[in-house]
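# Remarks on the overall topology
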Amino acid sequence: MLARRLRSTFTPFSRRWQTTASNTAIEPPSASGHSSSVATSQLLRITRESALRTPGISWQDEESDHNIVGGRETRKMNLYQAVRDALSIALAKDDSAVVFGEDIAFGGVFRCTMGLAEEFGRERVFNTPLTEQGIAGFGIGLASMGHTAIAEIQFADYIFPAFDQLVNEAAKFRYRSGGHFSIGGLTIRTPTMAVGHGGLYHSQSPEGFFMGASGLKVVIPRSPIQCKGLLLSAIRDPNPVIFMEPKVLYRSAVEQVPIDDFALPLSRAEILIPGSDLTVLTWGTPVYHCESAIRLLNSPPPSLAPLIPVSLRSAKVELIDLRTILPWDIETVVESVRKTKRLVIVHEAGMTGGVGGEIAAEVGKRAFLRLEAPVRRITGWDVPAGLQFEKFNMPDAVRILDGIMETLSY
């Protein structure tokens, strides 16, 4: 495969990280990580005009015409600043809204709540004990009393102690009451996915564990604009929502973000790059790795050119960001696959029990006779994320390119 053939071109891991005789200081990686493929992405909206014309954007102003964009302003934000902006709007417009979690009163580990306690008071923005089950249970209680409860689980890796509260209580709350009671005001925010050095307990992607929890929604944004719009939609949605924020994007993804209140639709995928020969479906951080893989396919650098057949370089690959994982946009995905006849699914979580298996099964049921190749899944390996080997666990551009080429050649 292409990935194996490229190994000999990489500098050995041990040589790249060994110290030298020079006195040059080697800076450690940022705690929040950084992805160079994001910084150069053409999917980010870096101008005011493109930001204000984000597909599906819905202005939530109380008085002005919702369709007017001429007088609106944007500000340069990274993803964690977009989270903070959305939370500020939610707190300002909804007196019942409260934000709580471990260490969030001083800004949180990733600074997403910086200054909110000072702005809105410590009765509305406050710390909790280190108990994920307690945070979720407290949020369910608040939401059941009519509050807008916005909770933070400090890392998605630690959401498992809250699993019982989320799956057995939050997801079933309306159903078990016959529709008389609701906790639609509950939103659980949590940083997810890998940064490259997080190891066992700070790099997991647990979205697949919630696929059977009917009653919950699971959302994963890819950029600051998407994060602000989808988070505000999640907070106001009449269902409990788990909102997972890819932590490597907190500082890597930067866009011009509208400063006004706006929403983006949940349970609706977005076609980022139109195509006709193959569909690539993904969400979160891998969106940018897929973009890089498509670029390598169409315009390979000299080092890769001998490995990529000329006949495949003109392939038009359609890239889709799923955005909402549960319930996911079946219609958009199936329509795309019926057109392209091939599907590659990419996610950071392991293959076994991952979201990609459910999508592959549904596509196989609805578009089987249109498929010209088996549905391909490119995922993290079914192993714990090892610290120094984390990079090799994640599906990078080379592995994705390899899968695309094999699917196109089937």
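See the structure above.
As the structure is a prediction and not an experimental result, all values here were calculated from the model. (Residues numbered from 1 in each chain as written. Predicted model: local features only at pLDDT ≥ 70, side-chain atom pairs only at ≥ 80, totals over all residues. Heavy atoms only, no water.)

A few words now on helix H5 (residues 79–93). An ideal rise of 1.5 Å per residue puts 21 Å on 15 residues; H5 measures up with 21 Å between its terminal C-alpha atoms. For H5, the buried fraction is high: eleven of the 15 residues fall into the buried class. Turning to H5, its buried residues number three or more, namely Leu79, Tyr80, Ala82, Val83, Asp85, Ala86, Leu87, Ser88, Ile89, Ala90 and Leu91. (Helix = DSSP H or I, 4+ residues; strand = E, 2+ residues; numbered from the N terminus. Expected span 1.5 Å × (residues − 1). Buried < 20%, exposed > 50% of the residue type's maximum accessible area, 1.4 Å probe, protein only.)

This paragraph deals with the sheet that holds strand E8 (residues 241–246). The strand order E4-E3-E5-E6-E8-E7-E14 describes an open sheet built from seven strands, whose pairing is mixed. Looking at the sheet topology across the chains shown, the edges are occupied by strand E4 (125–127) and strand E14 (324–326). Between one strand and the next, the sheet's axes are offset by a mean angle of 20°, whatever the strand orientation. Across three bridges, the pairing between strand E3 (residues 97–101) and E4 is parallel. The partner of Val99 across the bridge, within E4, is Val125. (Pairing = 2+ DSSP bridges. Axes fitted to C-alpha atoms, helices over the stretch in contact; angles between N-to-C directions.)

Let us look at the pairing of E8. Across the six residues of E8, six count as buried, placing the element largely inside the fold. Alternating residues of E8 divide into Val241, Phe243 and Glu245 and Ile242, Met244 and Pro246, and every residue in both groups is buried. Taken together, the six bridges between strand E6 (residues 186–192) and E8 define a ladder with parallel strand orientation. Directly across from Thr192, in E8, lies its bridge partner Pro246. Taking the sense of rotation as the criterion, the β-α-β connection linking strand E7 (residues 217–219), helix H10 (residues 224–236) and E8 turns out right-handed. (Right-handed = clockwise from strand over helix to strand, strands pointing away.)

As a further point, take the pattern of salt bridges. Summed over all chains, the structure comprises 21 salt bridges. Glu49 is paired through a salt bridge with Arg48; the nearest N and O atoms lie 3.9 Å apart. Residues joined in a network through salt bridges with shared partners are Arg222, Glu270, Asp321 and Arg323. (Salt bridge = Lys/Arg side-chain N within 4 Å of Asp/Glu carboxyl O.)

This part is about the side chain of Ser88. Position of Ser88 relative to the elements: it lies in helix H5. On the basis of relative accessibility, which here comes to 12%, the residue Ser88 falls in the buried class. Apart from residues no more than four positions distant in its own chain, Ser88 is found in contact with Leu116, Glu119 and Phe120. (Contact = heavy atoms within 4.5 Å.)

What follows concerns the environment of Ile400. Take Ile400: it is sitting in helix H16 (residues 397–408). Judged by relative accessible area, which is 0%, Ile400 ranks as buried. The sequence separation of Ile400 and Val346 amounts to 54 residues, and the corresponding C-alpha distance is 7.6 Å. Setting aside chain neighbours within four positions, we find Ile400 in contact with His289, Cys290, Ala293, Val346, Ile378 and Pro395.

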